[in-house]
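Observations on the three-dimensional arrangement
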Amino acid sequence: MKFNNVCIEALGYHLPEQVVSSDDIEKRLSPIYDALKLPYGRLQLMSGIRERRFFDKSETPSSVASIAGEQALSRTTLDRKRIGCLIHASVCRDFLEPATAAVVHNNLKLDPGAMVFDISNACLGVLNGMVTVANMIELGQIEAGLIVSGENGGPLVDATIENLLSRKDICRADVKSAFASLTIASAAVAVLLTHRDISTTGHRLLGGAAMAETRFNDLCRGEGDSGVGPLMETDSEAMLKEGCQLAGRTWEQTRSELGWSNDDVDRVFCHQVGSAHRRLLYETLQLDPAKDFSTLEFLGNTGSASLPSTLAIGEERGLLEKGNRAALLGIGSGLNCLMLGVEW
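Note that the structure is predicted; figures quoted are calculated from it, not measured.

For helix α6 (residues 125–138), which comprises 14 residues, the first-to-last C-alpha distance of 20 Å matches the rise-based estimate of 20 Å (1.5 Å per residue) to within 8%. Within α6, ten of the 14 residues are buried, leaving the element largely enclosed by the surrounding structure. Burial in α6 covers these residues: G125, V126, L127, G129, M130, V131, V133, A134, M136 and I137. A positive backbone phi angle near 80° is found at G140, which sits one or two residues after α6.

Turning our eyes to something else, we now look at the pairing of strand β4 (residues 83–88). It is a general feature of regular strands that their side chains alternate between the two faces of the sheet. Counting buried positions over the six residues of β4 gives six, a clear majority of the element. For β4 and strand β6 (residues 144–151), the ladder comprises five bridges, and the chain directions are parallel. Within the sheet, the bridge partner assigned to H88 lies in β6 and is V148. Pairing analysis gives four bridges linking β4 to strand β5 (residues 115–118), with the strands arranged parallel. Of the residues in β5, the one forming a bridge with L86 is V116. Since β4 and β5 lie parallel, the crossover through helix α5 (residues 100–108) that links them has a hand, and here it is right-handed.

The next subject is the packing of aromatic side chains. Throughout the structure, instances matching the rule amount to two aromatic pairs. Taking the centre distance of 5.0 Å and the plane angle of 40° together, the rings of Y33 and Y40 count as tilted. A relative accessible area of 44% means that Y40 is categorised as partly exposed. Their ring planes at 75° and their centres at 6.4 Å tell us that F269 and F293 sit as a pair that is edge-to-face. Of the two residues, F269 is situated in strand β11 (residues 267–270) and F293 in the loop between α10 (275–285) and α11 (296–299); the sequence distance between them amounts to 24 residues. Across this residue pair, the class does not change: F269 and F293 are buried. When the ring centre of Y282 is taken as origin, the NZ or CZ atom of R278, which lies over that ring, is 5.7 Å away.

What follows covers the pattern of salt bridges. For the coordinates displayed, the defined rule picks out eleven salt bridges. Residues K176 and E237 are paired through a salt bridge, measuring 2.9 Å at the closest nitrogen-oxygen approach. Of the two residues, K176 is situated in helix α8 (residues 172–178) and E237 in helix α9 (residues 236–258); the sequence distance between them amounts to 61 residues. The exposure class of K176 is partly exposed, given its relative accessible area of 47%. Classification of E237 as exposed rests on a relative accessible area of 51%. Each of E213, R215 and R249 takes part in salt bridges that share partners, so that together they form one network.

This brings us to the packing of helix α4 (residues 61–74) against α5. Here α4 crosses α5 at 45°, and the two axes come no closer than 9 Å. One way to sum up the angle between α4 and α5 is to call them oblique. For the element pair α4 and α5, the recorded crossing hand is right-handed. Facing S62, A65, S66, G69, E70 and L73 of α4, the residues of α5 in contact are T100, V103, V104, N107 and L108.

What counts and how
- Residues numbered from 1 in each chain as written.
- Predicted model: local features only at pLDDT ≥ 70, side-chain atom pairs only at ≥ 80, totals over all residues.
- Heavy atoms only, no water.
- Helix = DSSP H or I, 4+ residues; strand = E, 2+ residues; numbered from the N terminus.
- Expected span 1.5 Å × (residues − 1).
- Buried < 20%, exposed > 50% of the residue type's maximum accessible area, 1.4 Å probe, protein only.
- Pairing = 2+ DSSP bridges.
- Right-handed = clockwise from strand over helix to strand, strands pointing away.
- Phe/Tyr/Trp six-rings, centres within 6.5 Å; stacked < 30°, edge-to-face > 60°.
- Lys NZ or Arg CZ within 6 Å of the ring centre and 35° of its normal.
- Salt bridge = Lys/Arg side-chain N within 4 Å of Asp/Glu carboxyl O.
- Axes fitted to C-alpha atoms, helices over the stretch in contact; angles between N-to-C directions.
- Parallel < 35°, antiparallel > 145°, perpendicular 65-115°, else oblique.
- Left-handed = near helix turned anticlockwise from the far one by under 90°.
- Contact = heavy atoms within 4.5 Å.

Given below as structure tokens:
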């Protein structure tokens, strides 16, 4: 896929105030750690995550996504009435019906003529939303579109801990399958795309490629109604291996689509899963890890908000200069992979 007329006009993100360390989680799991003689510190050691953040229980996906959306809108002179589409793209949502995007649309006081809907595709939701809005801009259907996400991993982590503590016959394999769930965290993000004719930044979204290996749809599955809360079971080792292999093929296709070589890439922003995933990903793609910007250590895995919030924080810290080429590397359960190129 290629885009000729799409720019990233503004980014916004919102982080929770509550900070929970990996040590805090292991303390809650101490009865299991002691019974199975598991070494303390393994969660941070194996994931690379020192701490993560959780939103308060009173906050909803729409409320935090609205804050991120307002932040993005405050960074542009674009009249919000010109936004022709709003997409809420997180796994978390306020309710099954209506679309959570409807609440965000009302909160942000966007134009009644805007299209309003949700997209959900595990950790790729925001990137899928960006492609959808970019296509609409290219077709001349809209001038601008806003993609938001509000992920709250707190209930999943709490339910995972409660479920593990409730098992009388628990073994190390049970803890292993729940490991990925303990890396999940919270964040909200917003991405505003516009037609290049009305952009004030000129940060061009160039295009990219998507690939799927849906025979591996069973490697990570979440259950929303388990009795104790949302639960997720993950084959982390297989996800690591198969996900990175799929990423390698997708990156090859992305480079071909964009006409890039690895040397053309100045910065890389990828979905933040874990330190082992990061090492294997860069080895597979033969990209220089020094070009990577990581938020994993202090944000954890924030689902669909992970990659775009890392991009937003990276921009805020001045990591992107005019003319830089940045690769956005998205990988999600399914398995699905979507990679995009940006010229800043």
